[in-house]
Amino acid sequence: MSHRKKDTDYLAISARIRAMENRLLTRERMDRMIEARDNAEAMKILAECGYAEGPLDAVLGQARAEVFKDMEQGAPDPRLVEVFQIKYDYHNAKTIIKAQAQGVAPERLLLAGGRYDPAQLWDGWKREALTGVDEAFKKAMEQAQAALAEGGDPQRSDLILDRACYAEMARLAQELQSSFLQGYVRLSVDVANLRTAVRVHRMGREGDFLRQVLLPGGNVSETAIAAARGDALGEVFRSGPLAQAADLGAKLTQPEGGALTAFERECDNALTAYLAAARRVPFGEEAVIGYLYAKELEFTAIRAIFAGRAAGLDGETIRSRLRETYV
């Protein structure tokens, strides 16, 4: 097990992050973007937060790369950044495996931001010469490809990769000996499992199917989630940070159902509330972890605002889709 960095090792980076938090996208700035006359005016508001000019996808891609690079160079242990990069690698793995099975090129759907360059990942995989990646990641890709070839079920293939993704995150958090990061990973698993349970109950496919698709490693056991009726999901999560989200989800499993918007928002808000606690810690790894999450939250909000504007949605509808902010 690796040596854990001391909180005092993070004094310099924590002070710099506190200053950078002042440029995060606040609710007031989001409102101005939503009400902007056109996209050019909305992009000017982003410039106030330090974003470059150009097409939105390129601007956000550049911003994400800069944040990751900055934190890798500034944090005493750069592996903290990897916990937030892993999901991009697994997104690309899913994309590559499905595209290859369909005989189409995946490049357009690959995302930058992971530990591995997307183009190199695709090139190495198609040549059956994938190197420079974590062994667990490579093994998961091979298993997912085999599962897709055997049964043609992309859901089973995705599940293999999802399990490996969260397992890698958990292993890294453990290696870093960060209880705060471990708590984030466990809560992330709980969120994924709650979302899965609600969707499966709405499909009427609970029971064995639900047991198979739930992920291990959360605060709430898969057994407890799988054993609960849809309308009892609130009870299973009652004592934790997902209580409110689970209550909303339980109602959605009933015949009258309803839209998932508020439920999805509460799931994300629970994660934000957990990570926003990092702002109460004067210095330490929590500052880096919280800031990385805050930037991811910001990128998602920006996309939601511009997508809403493009769809011609009114301001209130766009606001209803936004999550709680970190600041």
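Data block above holds the structure.
Residues numbered from 1 in each chain as written. Predicted model: local features only at pLDDT ≥ 70, side-chain atom pairs only at ≥ 80, totals over all residues. Heavy atoms only, no water.

(A) Seen up close, the overall build of the chain. Looking only at helices and strands, the chain features 16 helices and zero strands. A compact globule built from 327 residues would reach a C-alpha radius of gyration of about 20 Å, and the chain, at 20 Å, matches this within 12%. Here the C-alpha coordinates of the chain stretch approximately 50 × 50 × 45 Å along the principal axes. Every one of the 327 residues in the chain was classed for burial, and the buried ones make up 48%. (Helix = DSSP H or I, 4+ residues; strand = E, 2+ residues; numbered from the N terminus. Rg over C-alpha atoms; globule rule 2.2 N^0.38 Å. Buried < 20%, exposed > 50% of the residue type's maximum accessible area, 1.4 Å probe, protein only.)

(B) Molecular detail of the packing of helix α1 (residues 11-20) against helix α15 (residues 285-310). The N-to-C vectors of α1 and α15 enclose an angle of 30°; their axes lie 9 Å apart at closest approach. The interaxial crossing formed by α1 with α15 has left-handed handedness. Between α1 and α15, the residues in contact are Ile13, Ser14, Ile17, Arg18 and Met20 and Ala287, Val288 and Tyr291, respectively. The residue inventory of the contact of α1 with α15, partitioned by class, reads six nonpolar, one polar and one charged. (Axes fitted to C-alpha atoms, helices over the stretch in contact; angles between N-to-C directions. Left-handed = near helix turned anticlockwise from the far one by under 90°. Contact = heavy atoms within 4.5 Å. Nonpolar A, V, L, I, M, F, W, Y, C, P; charged D, E, K, R; others polar.)

(C) Broad picture of the layout of surface pockets. Roughly 300 Å³ of volume is contained in the second largest pocket. The wall of the second largest pocket is formed by 15 residues, among which Cys49, Gly50, Val67, Tyr291 and Lys295 lie closest to the centre. Breaking the lining of the second largest pocket down by element, the ones donating at least two residues are α4 (56-74) and α15. The element contributing the most residues to the lining of the second largest pocket is α4, with six residues. Grouping the amino acids of the lining of the second largest pocket by side-chain chemistry returns nine nonpolar, two polar and four charged. (1 Å grid on protein atoms, 1.4 Å probe; cavity = no way out; pocket = protein on both sides within 12 Å on 5 of 7 lines; lining within 4 Å. Points joined across faces, edges and corners; volume = space filled by probe spheres on them.)

(D) Fine view of the pattern of salt bridges. Applying the stated criterion across every chain, the model contains 33 salt bridges. Note that Arg279 and Glu21 form a salt bridge whose closest N and O atoms lie 3.3 Å from each other. Of this pair, Arg279 sits in the loop between α14 (261-276) and α15 while Glu21 sits in the loop between α1 and α2 (27-35), placing them 258 residues apart in sequence. Between Asp123 and Arg127 there is a salt bridge whose closest N-O contact spans 3.0 Å. Residue classification places Asp123 among the partly exposed residues on the basis of a relative accessible area of 31%. (Salt bridge = Lys/Arg side-chain N within 4 Å of Asp/Glu carboxyl O.)

(E) Fine view of the packing of aromatic side chains. Tallying each qualifying case throughout the model produces seven aromatic pairs. Note on Tyr51 and Phe299: the rings are 6.4 Å apart at their centroids and 80° apart in plane angle, and the pair reads as edge-to-face. Highlighted residues: Tyr51 in the loop between α3 (39-48) and α4 and Phe299 in helix α15, separated in sequence by 248 residues. Residue class for Phe299 comes out buried when judged on its relative accessible area of 3%. An aromatic cluster of three or more residues is present, and its members are Phe84, Tyr184 and Tyr293. Against the face of Phe137 rests Arg115, its NZ or CZ located 6.0 Å from the ring centre. (Phe/Tyr/Trp six-rings, centres within 6.5 Å; stacked < 30°, edge-to-face > 60°. Lys NZ or Arg CZ within 6 Å of the ring centre and 35° of its normal.)

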